[in-house]
Amino acid sequence: WVQLAAAVVLLLAVSSTVYYSGLWSKDIIIQSSSDPNTLVHTLADGSNVFLRPNTTITYSKRFGSSHRNITLEGEAFFDVSSNPNLPFKIETSDASVKVIGTSFSVKSNKTDSFEVIVESGVVSVSSKYRTGQTLVANAGDMVTLENNQLALKTTQHSSPTWRKQRIQFKD
């Protein structure tokens, strides 16, 4: 009986850990098609994402409750609702972008180089190629990745023009 009770307790502990850690929760994947429309998606926290064609964002079903993490492949414009207690984080293949409340565009795909353009607020960008390299960009700044190193520049681009052309709403 002792071995059986120990096995049941162990099984309950493992299943509770898996359940509460979110391993059973599935990710939500939003993918824009190749047509020229800009796909607009509103996240659970009220933030809006404008996706260029052939762009994918992935996030957990628990987005907004305990974290605000997104994975991006492609190009998107983010209008992030402010929440100082839960920073908004975007992971790309090249860098990590962290914000609290702002609007900015991120480009990270295989054909073009990595780029962040800040329209309003402040954004922190960390390189995945050089550990410890982090740049802080303000409104009107652009962060690019050149030779695996982040570079900060002032830009005249206020916001991407593609997000105001043809818009398609989802959900």
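What counts, and at which threshold
- Residues numbered from 1 in each chain as written.
- Predicted model: local features only at pLDDT ≥ 70, side-chain atom pairs only at ≥ 80, totals over all residues.
- Heavy atoms only, no water.
- Helix = DSSP H or I, 4+ residues; strand = E, 2+ residues; numbered from the N terminus.
- Buried < 20%, exposed > 50% of the residue type's maximum accessible area, 1.4 Å probe, protein only.
- Contact = heavy atoms within 4.5 Å.
- Salt bridge = Lys/Arg side-chain N within 4 Å of Asp/Glu carboxyl O.
- Pairing = 2+ DSSP bridges.
- Patch = residues over 30% accessible without salt bridge, like charges linked within 9 Å, V, L, I, M, F, W, Y side chains within 5 Å.
- Areas by Shrake-Rupley, 256 points an atom, 1.4 Å probe, with all protein chains shown as cover.
- Polar contact = N/O pair within 3.5 Å; in protein donor to acceptor, adjacent residues only side chain to side chain.
- Core = buried A, V, L, I, M, F, W, Y, C linked by side-chain atoms within 4.5 Å.

### Topic: the overall build of the protein chain
Thinking step 1. Across its full length, the protein chain carries one helix and 14 strands.
Thinking step 2. Counting over 171 residues, the protein chain shows a buried share of 39%.
Thinking step 3. Sequence-distant contacts in the protein chain: of pairs separated by 6 or more residues, those separated by 24 or more amount to 40%.

### Brief notes about the pattern of salt bridges
Thinking step 1. Scanning the model with the defined rule gives three salt bridges in all.
Thinking step 2. Glu 146 is the salt-bridge partner of Lys 153, the closest N and O atoms lying 2.7 Å from each other.
Thinking step 3. For Glu 146, a relative accessible area of 37% puts it in the partly exposed group.

### Observations concerning the pairing of strand S13 (residues 149-154)
Thinking step 1. Relative to S13, strand S12 (residues 141-146) is paired through six bridges, and the arrangement is antiparallel. For Asp 141, the partnering residue across the bridge sits in S13 and is Thr 154.

### Examining the pairing of S12
Thinking step 1. The element S12 is extensively covered by neighbouring structure, given that five of its six residues are classed as buried.
Thinking step 2. As paired strands, strand S9 (residues 115-120) and S12 are joined by three bridges and run antiparallel to one another. Paired with Ile 117 across the strands is Met 142, a residue of S12.
Thinking step 3. The loop that links S12 with its antiparallel partner S13 comprises two residues; one of these, Asn 147, has a positive phi angle of about 55°.

### Considering a nonpolar patch on the surface
Thinking step 1. A cluster of nonpolar side chains, Trp 1, Leu 4, Val 8 and Leu 12, forms an exposed patch at the surface whose accessible area comes to about 520 Å².
Thinking step 2. With respect to the secondary-structure elements, Val 8 resides in helix H1 (residues 2-21).
Thinking step 3. Judged by its relative accessible area of 43%, Val 8 is partly exposed.

### Comments concerning the side chain of Thr 102
Thinking step 1. By the element assignment, Thr 102 lies in the loop between strand S7 (95-99) and strand S8 (103-108).
Thinking step 2. On the basis of relative accessibility, which here comes to 4%, the residue Thr 102 falls in the buried class.
Thinking step 3. Of the polar contacts made by the side chain of Thr 102, one reaches the backbone nitrogen of Gly 121; its length is 3.4 Å.
Thinking step 4. If near-sequence neighbours (up to four positions away) are discounted, Thr 102 is found in contact with Phe 78, Asp 79, Val 80, Val 118, Ser 120, Gly 121, Val 122 and Val 123.

### Let's talk about the nonpolar core
Thinking step 1. Phe 78, Val 97, Phe 104 and Val 116 are the most contacted members of the largest nonpolar core, which has 29 residues in total.
Thinking step 2. The element contributing the most residues to this core is strand S5 (residues 68-79), with four residues.

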